[in-house]
Each structure stands twice: as C-alpha cells, then as structure tokens.
Amino acid sequence: MKRMHLLFVLLVFLMTSCGDDRLVILDNPTFTVSSETVRNGDKMTLRLEPGEQTNVELEVVFSWEGKEIGCMNHYPYQVEYVVDGIEPGFHIITCTASYAKKGGGIQSSGSVVKSILVQVVE
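About the cut-offs
Residue positions are given per chain, counting from 1 as you read along its sequence in written order. Predicted model: local features are reported for residues with pLDDT of at least 70 only, side-chain atom pairs are reported and counted for 80 or more only, and whole-chain, interface and lining totals are derived from all residues. Hydrogen atoms and water are omitted, and side-chain values are computed over all heavy atoms in the structure. Helix numbering and strand numbering both begin at the N terminus, where a helix is a DSSP run of H or I of at least 4 residues and a strand a DSSP run of E of at least 2. Classification of residues uses two cut-offs on accessible area relative to the type maximum, computed with a 1.4 Å probe and protein chains only: under 20% is buried, over 50% is exposed, and between them is partly exposed. For this analysis, residues touch if any pair of their heavy atoms sits within 4.5 Å. Only the protein chains shown count as covering a residue, and every accessible area follows the Shrake-Rupley method with a 1.4 Å probe. Side-chain atoms within 4.5 Å link the members of a nonpolar core, which is a set of buried Ala, Val, Leu, Ile, Met, Phe, Trp, Tyr and Cys residues. What makes a salt bridge here is a side-chain nitrogen of Lys or Arg within 4 Å of a carboxyl oxygen of Asp or Glu, nothing more. In this scheme, strands are said to pair when DSSP sees at least two bridges between them. Axis geometry follows a simple rule: fit a line to the C-alpha atoms, using only the stretch in contact for helices, then measure angles between N-to-C directions, giving values from 0 to 180 degrees.

Draft legend 1. Expanded view of the overall build of the protein chain. Within the protein chain, the regular secondary structure consists of 1 helix and 10 strands. The order of α-helices and β-strands along the protein chain, N terminus first, is α-β-β-β-β-β-β-β-β-β-β. Counting the 122 residues in the protein chain, one finds 29% classified as buried. Taking the intrachain contacts of the protein chain between residues at least 6 apart in sequence as the baseline, contacts between residues at least 24 apart amount to 62%. Here the protein chain has roughly 8,100 Å² of accessible surface; of this, 55% comes from carbon and sulfur atoms.

Draft legend 2. Representation of the nonpolar core. In terms of nonpolar packing, the biggest core is built from 25 residues, with Phe31, Met44, Leu46 and Trp64 touching the most fellow members. Elements with a contribution of two residues or more to this core: β2 (30-33), β4 (43-49), β6 (56-64), β7 (67-72), β8 (77-82), β9 (89-101) and β10 (109-120). In terms of residues, this core owes the most to one element, β6, which gives 5 residues. Other than its neighbours up to four places away in sequence, phenylalanine 31 contacts Leu46, Arg47, Leu48, Phe62, Ile93, Thr94, Cys95, Lys114, Ser115 and Ile116.

Draft legend 3. Region of the structure containing the pattern of salt bridges. Enumeration according to the criterion identifies 2 salt bridges in this entry. Residue glutamate 80 pairs with lysine 43 through a salt bridge whose shortest N-O separation is 3.5 Å. Placement of glutamate 80 in strand β8 and of lysine 43 in strand β4 is noted, with a sequence separation of 37 residues between them. For the pair glutamate 80 and lysine 43, one class covers both residues: exposed.

Draft legend 4. Representation of the sheet that holds β4 in the model. Strand order in the open sheet formed by 3 strands is β2-β4-β8, with antiparallel pairing between adjacent strands. Here the strands that pair on one side only, and so sit at the sheet edges, are β2 and β8. The sheet shows a mean angle of 15 degrees between the axes of neighbouring strands, taken without regard to direction. Of the strand pairs in this sheet, β4 and β8 are connected by 6 bridges, and their pairing is antiparallel. Paired with leucine 46 across the bridge in β8 is valine 79.

Dropping the structure here:
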C-alpha cells in the first residue's frame, strides 16, 4: 500500500512540475470590426483582442475573402483598411492569430481563426 501511495505522489508531482513553462495559452480571443455595414471609400478598423495570453508570441493576419489586407505582430493587434472596389453584398473578413511558445526548450504552436460577416452597400 505504501508503494502505491508513493507512486501516486510521484505521478502527481511529475504532472504538476511539467506544467507552466510548457503551456501555450491563448484564451478566448475577440475579433471586431468598427462597422459591419460599409460603403466603398469607408475606413474600417479591424482588431483582435487576444484575451488572457500566457507565454506566447502572436502574429495576426487579417484577410478579406481570403486576400491578406494587414498583418500585425505586436499589441495592439489592429489594422485600418479602406474599402475600395468591393462589390455590394456580404463578405467574410477573417482574422488568423498564429501563436508560438516564447523561449524554453519545448516548441509548441497553433492558430485560432475568427471571422466576421460584413455587408458592403451602395
């Protein structure tokens, strides 16, 4: 029984000691645009608020219907975009936040994609 208890304590120690310096956390990022209804010639502000972030470096790419319209790798993660030559209708603006662990020996990375539907009117 003592061996089982010792094994359990050792296992818990190993699980908790491998924690924080390896974690990559990007908690609940929020993507916003200054207006969801725009006209050609309007200036929009696109912004990613990363929320709680721990131990990560971010690169944020903003795209209009798959075409990159801005990129930012430091806070504030926002760009301004002038709507130009866009057909009236509904369009998808996407924000892709790619993250990587800062420093340390173990590398981990990933990405989060958020989208907003914007209407261009005449």
